Amino acid sequence: MAEIVLRNLRKTFGKVVAIRDLSLDVADGEFLVLLGPSGCGKTTTLRAIAGLEVLDRGTIRIGGRDVTRLPPGKRGIAMVFQSYAVFPHMRVYDNIVFGLRMRGIPLAEQRRRALAAAELLQITDVLDRYPAQLSGGQRQRVAVARAIVMEPDVLLMDEPLSNLDALLRLHMRAELKRLHREVGSTTVYVTHDQVEAMSLGDRIAVMRDGEIVQCDTPQRIYDDPANVFVGSFIGSPPMNFLRGVLDGAGGIRLGDTVLPVPVAYQPALGAQRDPEVLVGIRPEHIVVGAGPLVAEVVVSEPLGPSKLLTLRTHGQLLKVTVRADHPAAPGDVVHMDFPPAHVRLMDPKTERALPRTGP
Ligand code: ATP
């Protein structure tokens, strides 16, 4: 068992607070993604788990052991970085077994593990080459192979795909997913790419300013963002947020249009009057063609499988995904509806999600 338990981690660099007060549990065998914008503290958190940063405060347990003060080599972890540091003067095979050799693992066992890893990562035919003779994707796979031959309890990866072109990223993403299924190491994976996070993570911990703002399954984070930041950061294009006002009679006014307060919000909000709310809705959930809201088409962008419209309603812009053959063109006036089950209300002051009861 190699669950990871982080408790109240804090790390500062001079005046910069890289990690504020971070607690997180990663289950044995789980694939957890740390996601967030540049500078939010993802790498520092990963390096702290690895033992490469000395914390100001907090404890780290791996597999039930307090490793807070243990050096990296004693933590049972392996790491793959963004700059996949393979040794240029060593052949692929020697790169892969390097760590095993350092650890004094017998030659036959080195060979067994290296061949198994090479097979898993489909690099068996390049074991005799030097890194300079490999493609970026192959080099990346060598770096991953070198980590997994260590048979780590915990695998830590920091943006391992960021140096690859788009197609190779897509391919390696699927490879990593398969690899995780086969190897089963508890994995913590850092990325700022929300698609990568959605695709790979059993759960995603969304970070901002040194804190985790939401940690849940990708689907729940997508469907129920904890605040405006998460709704905007996850999803491309992001969730729309329109300013509205509760009318006290079970409705939300958007200009002169009144939408019903969704059933799940009624117990908490039904009778409130005048508080402003942010009406959140994903671009693909807006129904264009019929409904109480009137909007003008500002931009129409064909994207191949679908079309992205920018609409203006009551002075506010929003993005809507429609079918590729939808006829809407700039200047057209369209009707639209927000299906209540997909509406997410937020408090405009705190930008936090308002409480819902039920679906
Ligand atoms: P990125 O996606 O850009 O790598 P990140 O989310 O991984 O960002 P961190 O690298 O963890 O962010 O950095 C968090 C904060 O700590 C940033 O403000 C960064 O500038 C600062 N920081 C990180 N390492 C150091 C260091 N060695 N010295 C000083 N400041 C640092």
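Model, not experiment: these values are computed from the prediction. (Residues numbered from 1 in each chain as written. Predicted model: local features only at pLDDT ≥ 70, side-chain atom pairs only at ≥ 80, totals over all residues. Heavy atoms only, no water.)

A. The sheet that holds strand β6 (residues 77–80), seen in detail. Taken together, the 6 strands give an open sheet; going across it, the order is β6-β7-β8-β3-β9-β10, and neighbouring strands pair in mixed fashion. Either end of the sheet is taken by a strand with one partner, and the two such strands are β6 and β10 (211–216). On average, each strand axis in the sheet is tilted by 20° relative to the strand beside it, whichever way the strands run. Of the pairings in the sheet, the one linking strand β3 (residues 31–35) to strand β8 (residues 186–191) comprises 5 bridges and is parallel in character. (Pairing = 2+ DSSP bridges. Helix = DSSP H or I, 4+ residues; strand = E, 2+ residues; numbered from the N terminus. Axes fitted to C-alpha atoms, helices over the stretch in contact; angles between N-to-C directions.)

B. The arrangement of the layout of surface pockets in detail. Taken as a whole, the largest pocket holds about 570 Å³ of empty space. Of the residues forming the lining of the largest pocket, the biggest block, 4 residues, is contributed by β6. Along the lines of polarity and charge, the residues of the lining of the largest pocket split into 16 nonpolar, 3 polar and 2 charged. The space that makes up the second largest pocket amounts to roughly 170 Å³. In this structure, the second largest pocket is lined by G51, E53, V54, L55, D56, R57, G58, T68, R69, L70 and R75. Its residues assigned to classes, the lining of the second largest pocket shows 3 nonpolar, 3 polar and 5 charged. (1 Å grid on protein atoms, 1.4 Å probe; cavity = no way out; pocket = protein on both sides within 12 Å on 5 of 7 lines; lining within 4 Å. Points joined across faces, edges and corners; volume = space filled by probe spheres on them. Nonpolar A, V, L, I, M, F, W, Y, C, P; charged D, E, K, R; others polar.)

C. Quick look at the pattern of salt bridges. Tallied over the entire structure, the rule returns 17 salt bridges. Residue R7 pairs with D25 through a salt bridge whose shortest N-O separation is 2.8 Å. Placement of the pair is R7 in strand β1 (residues 4–13) and D25 in strand β2 (residues 16–26), with a sequence separation of 18 residues. R7 gets classed as partly exposed once you look at its relative accessible area, which sits at 33%. D25 gets classed as partly exposed once you look at its relative accessible area, which sits at 38%. Between E109 and R113 there is a salt bridge, with the nearest N and O atoms lying 2.9 Å from each other. (Salt bridge = Lys/Arg side-chain N within 4 Å of Asp/Glu carboxyl O. Buried < 20%, exposed > 50% of the residue type's maximum accessible area, 1.4 Å probe, protein only.)

D. Region of interest: the site of the ligand. Around the ligand lies a shell formed by F13, V16, A18, P37, S38, G39, C40, G41, K42, T43, T44 and E159. Separating an oxygen atom of the ligand from a backbone N or O atom of G39 is a distance of 2.8 Å. Between the ligand and T43, the relevant distance is 2.7 Å, taken from an oxygen atom to a side-chain nitrogen or oxygen of the residue. Of all the elements in the fold, those that place two or more residues in the shell around the ligand are β2 and α1 (42–50). The leading source of residues in the shell around the ligand is α1, at 3 residues. Considering only residue class, the shell around the ligand consists of 5 nonpolar, 5 polar and 2 charged. (Near = heavy atom within 4 Å. Polar contact = N/O pair within 3.5 Å; in protein donor to acceptor, adjacent residues only side chain to side chain.)

E. Highlighting helix α5 (residues 166–183). The end-to-end C-alpha distance of α5, which contains 18 residues, comes to 25 Å, matching closely the 26 Å that a straight helix rising 1.5 Å per residue would cover. Listing the buried residues of α5 in full gives R169, M172, E175, L176, L179 and H180. Viewed end-on, α5 has its buried residues packed into an arc of 140°, placing them on one side of the element. Those residues of α5 that are exposed and angled more than 90 degrees off the buried face are L167 and R181. Against β3, α3 (107–120), α4 (136–148), β7 (154–158), β8 and α6 (194–200) lie the buried residues of α5. Once α5 finishes, G184 follows within two positions and takes phi at roughly 75°, a positive value. (Expected span 1.5 Å × (residues − 1). Arc of directions from axis to C-beta. Contact = heavy atoms within 4.5 Å.)

Remember that the coordinates give geometry; whether it matters functionally is a separate question.
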